[in-house]
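Here's the letter readout for the chains.
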Amino acid sequence: MNATPGAQLLSNVAARLERLPMTRYQRTLFGIIATAWFFDSMDLGIMTFVLGSIKAEFGLSTTQAGLLASSSFLGMFLGAATAGMLADKFGRKPVFQWSMVFWGVGSLLCGFAQNVDQLMMFRVLLGFGMGMEFPIGLSMVSEIVPAKSRGRYVAILEGFWPLGFIAAGIVAYLTLPLIGWRGIFIALSVPAVFVFVIRRYVPESPRWLEEVGRIEEADRVTTNIEQHVIAANKGQPLPAPTAAIAIPEKVNKRALFAELWHGVYAKRTIMLWSLWFFALLGYYGLTTWLGALLQQAGYEVTKSVTYTIYISLAGIPGFIFSAWLLEAWGRKPTCVLMLLGSACSAYVYGQVATAQAPVAQLIGSGLCMQFFMFGMWSVLYAYTPELYPTRSRATGAGFASSVGRLGSLLGPFAVGVILPFTGHTGVFTLGAISFCAAALIVITLGIETKGKSLEEVSA
């Protein structure tokens, strides 16, 4: 293949990685990243199930409770933006490790908070660690898994989010009466140590190593991956590498953040930032308050936790269906479908989430809502890292996630403010409007990336 004038051939590493079959080795690396994703989801999702208890213990108003629920997202906003740039400059692996430290320490300190101000501060620290992880995990999975499987595996990675959320509900149901919300936060700090250790076995991204000029190290890491794949594939020889792709040489000299606003990336950045903001405004504005809203509607604590767990179960088929549809139908139409489905089902749920409504209607509408909302998450995480080149992928994903955290920061607080005036119906209508706005943005500005290598999308 001949390179065009002013271009260089990229990339020996990409060509070698793209032709690898998926084996037990790549799935093991994926499993390590997904394990951290699972426990992060538990730590963040536990607030849905203990917010009512914390609100009662500290005598919080709905506005104060909404501010507490939002505090983690302030940390996630700072962590996502910081980690993305650090990972593109210093590598994925070291930033990956440090996220565990902030997450574990933050969760531990939450259990010892003496007042709501301390609890807010420690939730910010916890959120900082979780925010660090999102762009790094997305970038690493995207850069290791070949294009033919990339969308599915990133979507499955996001599937560990509803699993963690459901696990958080089960833990709250079983242990909240025994150890209280403080004991739960302390217990959830323990997995951080385990994940910190096993993450050491995840290699640095060879795509990133090659991008920053560490060619010998990139070759060594890629060779090691190839050897593990051959061993996992019972010694079968690898197919020949695919052709390299020519990209403009001059783009490598542009600052990371500036590149997000240059050429085709500017439109993608506007689309992603808007999409993340409205999607997370709607999602966290609703889910963070699910348990507390049911309690306010007249359900006792155990029933509100139980019902929230029940409806969250729909997230499992939701992300599985979304993962399949991403490769069968494409990123853009799947994203629009999940957003519009979230909007419609959230609106319906708002109409029936009262103590007078039949339980079957409450559970049924809630199942539909969680099915589409967790399916939406799968698309967001699969789509975002594909739209930027390796040199700025973590930065782009980090800032998109960070802007989304502004929405997630605003959402629970806004619910706390408007709830006394609008009731359940107004809260879920706000969520539906947010999802519709996100869908319109994707329809207008989104592009399709299905079946393309990362280098093709960014070329």
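See the structure shown above.
Residues numbered from 1 in each chain as written. Predicted model: local features only at pLDDT ≥ 70, side-chain atom pairs only at ≥ 80, totals over all residues. Heavy atoms only, no water.

Turning our eyes to something else, we now look at the packing of aromatic side chains. In the structure shown here, the tally under the stated rule is 21 aromatic pairs. Note on Phe58 and Trp181: the rings are 6.0 Å apart at their centroids and 65° apart in plane angle, and the pair reads as edge-to-face. Taken together, the positions of Phe58 in helix H2 (residues 24-58) and Trp181 in helix H6 (residues 147-188) put the pair 123 residues apart, joining distant regions of the chain. A relative accessible area of 24% places Phe58 in the partly exposed class. Between Trp98 and Phe102, the aromatic rings sit 6.4 Å apart at their centres with planes inclined by 45°, giving tilted as the arrangement. With Trp98 and Phe102 both in helix H4 (residues 92-110) and four residues apart, the pair spans about one turn of that helix. For Phe102, a relative accessible area of 27% gives the class partly exposed. Geometry around Phe90 places Lys89 over its ring, the cationic atom sitting 5.8 Å from the centre. (Phe/Tyr/Trp six-rings, centres within 6.5 Å; stacked < 30°, edge-to-face > 60°. Helix = DSSP H or I, 4+ residues; strand = E, 2+ residues; numbered from the N terminus. Buried < 20%, exposed > 50% of the residue type's maximum accessible area, 1.4 Å probe, protein only. Lys NZ or Arg CZ within 6 Å of the ring centre and 35° of its normal.)

A few words now on the pattern of salt bridges. According to the stated counting rule, one finds eleven salt bridges in the structure shown. Residue Arg19 is joined to Glu226 by a salt bridge in which the shortest nitrogen-to-oxygen separation is 2.6 Å. Here Arg19, found in the loop between helix H1 (12-18) and H2, pairs with Glu226, found in helix H9 (residues 215-232); they are 207 residues apart in sequence, far enough to count as distant. Residue Arg19 shares its accessibility class with Glu226, and that shared class is buried. The partner of Glu57 in a salt bridge is Arg182, with the nearest N and O atoms 3.2 Å apart. With a gap of 125 residues between them, Glu57 in helix H2 and Arg182 in helix H6 connect regions that are remote in the sequence. Since its relative accessible area comes to 45%, Glu57 is described here as partly exposed. Linked through salt bridges whose partners overlap, the residues forming this network are Arg16, Arg19, Asp219 and Glu226. (Salt bridge = Lys/Arg side-chain N within 4 Å of Asp/Glu carboxyl O.)

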